[in-house]
Amino acid sequence: MRKQIVVLKGALGLAVVAVLALAVIVAPVILQVSSVELHQLAVALGLGLYVAIGLILCAIFEAFNLLRRIARGTAFSTESVKALGWIKWSAYGVTLTFAAVLPLIYLWADGEDAPGLLLFALILTAAALVVGVFANILEQLLLSVVVMKRENELMV
């Protein structure tokens, strides 16, 4: 079990590096290129990108906390339920942010004649929604396990 947790923490670490690279390198380039087509709306696109990046980093931080609790053997606790709640709301926030930015991406993709860009944005939006729904299901499942654990502790 320890090996799997180390692998997952490593994957989350790589995800943090990738998201930070997106924030430092890719997002400014996207804003510079899109400002030609979108003019003043490029600021809204940039704001949306950085809000989504912040929410993704928040979800990754809570996933680290969740893995730490699993390693300690305290996974079935209310703190874990709260961590899953943060992950869920972060994913929903990313979904809403991407959905709000989709019209701007459409204008940019239309001006650049790049329909794959819009498809990529739609896939990212759907992926964030799937993560949010999955985290919601896990949160409800973990909450029921925590309630059963408390009931069993009271019986003994």
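Placed above this text is the structure.
Treat the numbers as computed from the prediction; the structure is a model and nothing was measured. (Residues numbered from 1 in each chain as written. Predicted model: local features only at pLDDT ≥ 70, side-chain atom pairs only at ≥ 80, totals over all residues. Heavy atoms only, no water.)

### Regarding the packing of helix 1 (residues 2–38) against helix 2 (residues 41–72)
Thinking step 1. Where helix 1 meets helix 2, the axes come as close as 9 Å, and the angle between the chain directions of the two elements is 175 degrees. Between helix 1 and helix 2, the interaxial angle falls into the category roughly antiparallel.
Thinking step 2. Considered class by class, the residues forming the contact of helix 1 with helix 2 number 28 nonpolar, four polar and three charged. (Axes fitted to C-alpha atoms, helices over the stretch in contact; angles between N-to-C directions. Helix = DSSP H or I, 4+ residues; strand = E, 2+ residues; numbered from the N terminus. Parallel < 35°, antiparallel > 145°, perpendicular 65-115°, else oblique. Nonpolar A, V, L, I, M, F, W, Y, C, P; charged D, E, K, R; others polar.)

### Quick word on the pattern of salt bridges
Thinking step 1. Taken as a whole and judged by the stated rule, the model has one salt bridge.
Thinking step 2. Of the charged contacts in the structure, one is a salt bridge between Lys-88 and Glu-139, with a shortest N-O distance of 2.8 Å. Residue Lys-88 is located in helix 3 (residues 78–112), and its partner Glu-139 is located in helix 4 (residues 115–155); the two are separated by 51 residues in the primary sequence.
Thinking step 3. Residue Lys-88 is classed as buried on the basis of its relative accessible area of 10%. (Salt bridge = Lys/Arg side-chain N within 4 Å of Asp/Glu carboxyl O. Buried < 20%, exposed > 50% of the residue type's maximum accessible area, 1.4 Å probe, protein only.)

### Side note on the layout of surface pockets
Over the atoms, a rolled probe matching the size of one water molecule traces out where space is still vacant.
Thinking step 1. In this structure, the largest pocket encloses a volume near 1,000 Å³.
Thinking step 2. Lining the largest pocket are 40 residues, with Ile-56, Val-94, Phe-98, Leu-124 and Ala-128 sitting closest to its centre.
Thinking step 3. Sorting elements by how many residues they give to the lining of the largest pocket places helix 2 first, with 13 residues.
Thinking step 4. Taken together, the residues of the lining of the largest pocket sort by class into 37 nonpolar, three polar and no charged.
Thinking step 5. The volume enclosed by the second largest pocket comes to roughly 170 Å³.
Thinking step 6. Lining the second largest pocket are Leu-66, Ala-75, Phe-76, Ser-80, Leu-84, Leu-138, Leu-141, Leu-142 and Val-145.
Thinking step 7. Ranked by residues supplied to the lining of the second largest pocket, first place goes to helix 4 with four residues.
Thinking step 8. Counted by class, the lining of the second largest pocket contains eight nonpolar, one polar and no charged residues. (1 Å grid on protein atoms, 1.4 Å probe; cavity = no way out; pocket = protein on both sides within 12 Å on 5 of 7 lines; lining within 4 Å. Points joined across faces, edges and corners; volume = space filled by probe spheres on them.)

### A short note on a nonpolar patch on the surface
Thinking step 1. Judged by side-chain polarity, Leu-22, Val-24, Ile-25 and Val-26 come together as a nonpolar surface patch covering roughly 340 Å² of accessible area.
Thinking step 2. Mapped onto the secondary structure, Val-26 falls in helix 1.
Thinking step 3. The class for Val-26 is partly exposed, based on a relative accessible area of 35%. (Patch = residues over 30% accessible without salt bridge, like charges linked within 9 Å, V, L, I, M, F, W, Y side chains within 5 Å. Areas by Shrake-Rupley, 256 points an atom, 1.4 Å probe, with all protein chains shown as cover.)

### Things to note about the nonpolar core
Thinking step 1. Core analysis: the biggest nonpolar cluster contains 16 residues, and Leu-12, Leu-66, Leu-84, Ile-87 and Leu-142 have the highest contact counts within it.
Thinking step 2. Sorting the residues of this core by element identifies helix 1, helix 2, helix 3 and helix 4 as the ones contributing at least two each.
Thinking step 3. Broken down by element, this core gets its largest block of residues, five residues, from helix 2.
Thinking step 4. Sequence-distant contacts of Leu-84, defined by excluding residues within four places in its chain, comprise Leu-66, Ala-135, Leu-138, Glu-139 and Leu-142.
Thinking step 5. Formed by nine residues, the second largest nonpolar core is a distinct cluster that contains Leu-45, Val-101, Leu-104 and Trp-108. (Core = buried A, V, L, I, M, F, W, Y, C linked by side-chain atoms within 4.5 Å. Contact = heavy atoms within 4.5 Å.)

### Some points on the packing of helix 1 against helix 3
Thinking step 1. Interaxial distance between helix 1 and helix 3 falls to 9 Å at its minimum, and their mutual angle equals 75 degrees. Taken as axis vectors, helix 1 and helix 3 run roughly perpendicular relative to one another. Here helix 1 contributes Ile-30, Val-33, Ser-34, Glu-37 and Leu-38 to the contact with helix 3, which in turn contributes Leu-104, Leu-107, Trp-108, Gly-111 and Glu-112.
Thinking step 2. Here the residues of the contact of helix 1 with helix 3 are counted per class, giving six nonpolar, two polar and two charged.

### A closer look at the packing of aromatic side chains
How two aromatic rings sit relative to each other is set out by the distance from centre to centre and by the angle between their planes.
Thinking step 1. For the structure shown, the criterion picks out one aromatic pair.
Thinking step 2. Ring geometry for Trp-89 against Tyr-92: centres 5.5 Å apart, planes inclined by 75 degrees, an arrangement best described as edge-to-face. Of this pair, Trp-89 and Tyr-92 are both found in helix 3, three residues apart, which corresponds to roughly one turn of the helix. (Phe/Tyr/Trp six-rings, centres within 6.5 Å; stacked < 30°, edge-to-face > 60°.)

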